[in-house]
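Analysis of the macromolecular model
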Amino acid sequence: MPTRFEQYERARKVLPGGVNSSTRYNRALQTPFYASRAEAGYVWDIEGRKFIDMCCAHGAALLGHAHPAINEAVQKARELGYLSVFETTYHEELAAKVCDYIPCSERVRFCSSGSEATLHLIRACRAFTGRKKIIRIEGHFHGYHELIYIGGQPPVEAFPDNRRHPYIESAGIPPEFAELIVPIPFNDPESLEAAVSEHGADTALLILEPVNYNTGCILPDPGYLELARRLTAEAGIVLFFDEVQSAFKKSRGGAQEDFGIVPDVCTIGKSLGGGFPLSAFCGRAEIMDLYMPVGNVQHSGTFNAHLVPVLGGLAFLSEIAKPYFYPRLRELEARFHGGMDRIIEEAALNMLVPHHGARFDFLLGRKTPARRYEHTFCHDKKLMLKIYKACWERGVYFHDYGGPPCHHGYCIQHTDRDIDEVLNVLEDVLRGCREELAVG
Ligand code: PMP
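Residues numbered from 1 in each chain as written. Predicted model: local features only at pLDDT ≥ 70, side-chain atom pairs only at ≥ 80, totals over all residues.

Observations concerning the overall build of the protein
Secondary structure summary: the protein contains 12 helices and 18 strands in total. Here the C-alpha radius of gyration of the protein, 21 Å, is about what a compact globule of 440 residues would show, namely 22 Å. Taking the principal axes of the C-alpha coordinates as reference, the protein spans close to 60 × 55 × 50 Å. Here the protein holds 440 residues, and 48% of them are scored as buried. Residue pairs at least 24 apart in sequence account for 72% of intrachain contacts in the protein once pairs closer than 6 positions are excluded. (Helix = DSSP H or I, 4+ residues; strand = E, 2+ residues; numbered from the N terminus. Rg over C-alpha atoms; globule rule 2.2 N^0.38 Å. Buried ≥ 20, exposed ≤ 12 C-beta atoms within 10 Å, placed from the backbone. Contact = placed C-beta atoms within 7 Å.)

Right, dumping it as structure tokens:
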């Protein structure tokens, strides 16, 4: 087997940056993490080293790798001849389960990625309202496409201007798309009220991550989601929860169940397919029935709801419905965060590990929770990369995301010993950074 450096040199000749997803280039390692195999809560690199996997496929591997229920689903798909491009009884069975679990879901459509799901659902929201604008929240992430990769996570330098001139987050996105985006800060009732009163008549949707895992795991302030629900209902704006990450992490019904606020529509993804590419968008029947062939909104695709992910999804939703599942996730959460709280306290570190269910972020440079995007500017990205690298050297893999506060997590197959080992490694590494993380 080549070393990761040799592999990187080879891969760069045929893949831009040696990767198939820009963020797979790992800035902490200065190469991508080239994996050779994975099992349960572990991943092996191409040099044969074993790691405790705290990336868990960015939240998609909530069951861990090669879970027996998923292996069975693959075997079943094989026996059925994979049946690509057909509807089957399994599709309906999966849809019925989603509608049973997710409070806002009266109808659901499946596709492969979170980005696809937000794209298709934004289209239906526009068709439903006959309006164009999107109110979105700074720090929240909803996919990489032209409709919404604007104004979410501007660099610090571009930040103050973001609310007047939404920041275009990738070259190649025409500036005209930014004219339809209204960015506002999270957890700020006045800004939400002002945006609805100024733009409401032109606004199709308010989109948000109910838990902002993509920037410091920021939770909604009490009352904020209630306000969003009330204002959008009054203004005829579709309330859109992007639950691609939050679905299933704490409960079967997603953040809408956790916080008791039901949006009009939502996207779900990541863990839904049990590790296979499966996402979904769902919501009120009168919006969802706008899709062809009932209505006139297009959503079609060769690989939509391929049988392997559909059977993976059924296996996943059955597994999480078993009585052991959420109590065990809560045990892992309590063990990990109990340990982290102790480490932070004993070493007097200026940092937090905010969490909601099975995912958490590291936020450096503050002791009190961030409530919006700019509260995370204290986070030291370089130090974060150094921490990730030191953990990797000791056999614990956190994905780097380039260094900002972003999400990590464990899976149902992680053991108490795995969690204790991750805590030992983090304790060692963070104590080594005590000076950089000193309070004050
Ligand atoms: N929305 C949210 C809230 C996400 O966290 C992500 C992925 N991090 C996406 C959308 C995009 O999903 P995907 O990577 O599957 O396209």
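Digging into the domain arrangement of the protein
According to the domain assignment, the protein contains domain 1 (4-66 + 323-432) and domain 2 (68-320). The distance between the C-alpha centroids of domain 1 and domain 2 comes to 25 Å. Taken together, the contacts link 30 residues of domain 1 with 31 residues of domain 2. Mapped onto the side of domain 1 that touches domain 2, the elements with two or more residues apiece are α10 (325-346), β14 (355-356) and β15 (359-361). Ranked by residues supplied to the side of domain 1 that touches domain 2, first place goes to β15 with three residues. (Domains from an automatic or database assignment.)

Looking at the site of the ligand
Near the ligand there are 14 residues, and of these S113, G114, S115, V244 and Q245 occur at the shortest range. Per element, the largest residue contribution to the shell around the ligand is three residues, and it comes from helix α4 (residues 114-129). Among the residues making up the shell around the ligand, the classes are represented as two nonpolar, 10 polar and two charged. (Near = placed C-beta within 6 Å. Nonpolar A, V, L, I, M, F, W, Y, C, P; charged D, E, K, R; others polar.)

Some words on the sheet that holds strand β17 (residues 396-397)
Within the open sheet, the four strands sit side by side as β3-β4-β5-β17. Their pairing is mixed. Edge positions in the open sheet fall to β3 (35-39) and β17, since each of these has one partner strand only. Across two bridges, strand β5 (residues 50-53) lies against β17 in parallel orientation. Residue pairing for β17: D53 is matched across the bridge by Y397. (Pairing = 2+ DSSP bridges.)

Things to note about the packing of α10 against helix α12 (residues 416-432)
With their axes 10 Å apart at the nearest point, α10 and α12 run at an angle of 20 degrees to one another. Relative to α12, α10 is oriented roughly parallel. α12 is crossed by α10, and the crossing has right-handed handedness. Note on element contacts: α12 touches α10 through D416, I419, L423, L426, E427 and L430, opposite L332, R335, F336, G339 and I343. Class assignment for the residues of the contact of α10 with α12 results in seven nonpolar, one polar and three charged. (Axes fitted to C-alpha atoms, helices over the stretch in contact; angles between N-to-C directions. Parallel < 35°, antiparallel > 145°, perpendicular 65-115°, else oblique. Left-handed = near helix turned anticlockwise from the far one by under 90°.)

Let's talk about the nonpolar core
Counting residues in each nonpolar core, the largest one holds 119 residues, and the members touching the most others are C125, L205, V238, F240 and V265. When residues of this core are assigned to domains, at least three fall in each of domain 1 (4-66 + 323-432) and domain 2 (68-320). Those residues in contact with V238, other than ones at most four positions away along the chain, are C125, F128, T129, A204, L205, T232, D264, V265 and I287. (Core = buried A, V, L, I, M, F, W, Y, C linked by C-beta atoms within 7 Å.)

Concerning the sheet that holds strand β11 (residues 265-268)
Strands pair in a sheet through their backbones, by hydrogen bonds, and they do so in one of two ways: parallel or antiparallel. Taken together, seven strands build an open sheet; the order of strands is β6-β12-β11-β10-β9-β7-β8 and the sheet is mixed. Each edge of the sheet is formed by a strand with only one pairing partner; in this case those strands are β6 (107-111) and β8 (181-184). Taking the axes of each pair of neighbouring strands and ignoring which way they run, one obtains an average angle of 20 degrees across the sheet. Two strands pair when backbone bridges link them, and strand β10 (residues 238-243) and β11 are joined in this way by four bridges, in the parallel orientation. Bridging from a neighbouring strand, F240 pairs with V265 of β11. Along the sheet face, helix α5 (residues 189-199) touches β7 (133-137), β8 and β9 (203-208) and points at about 160 degrees away from the line of β8.

Thoughts on the packing of α5 against helix α6 (residues 224-235)
Contact geometry for α5 and α6: axes closest at 11 Å, N-to-C directions at 10 degrees. Of the possible angle classes, the one that applies to α5 and α6 is roughly parallel. Packed against α5, whose contacting residues are P189, L192, E193 and V196, the element α6 presents Y224, L227, A228, L231 and A235 at the interface. Looking at the contact of α5 with α6 residue by residue, the class counts come to eight nonpolar, no polar and one charged.

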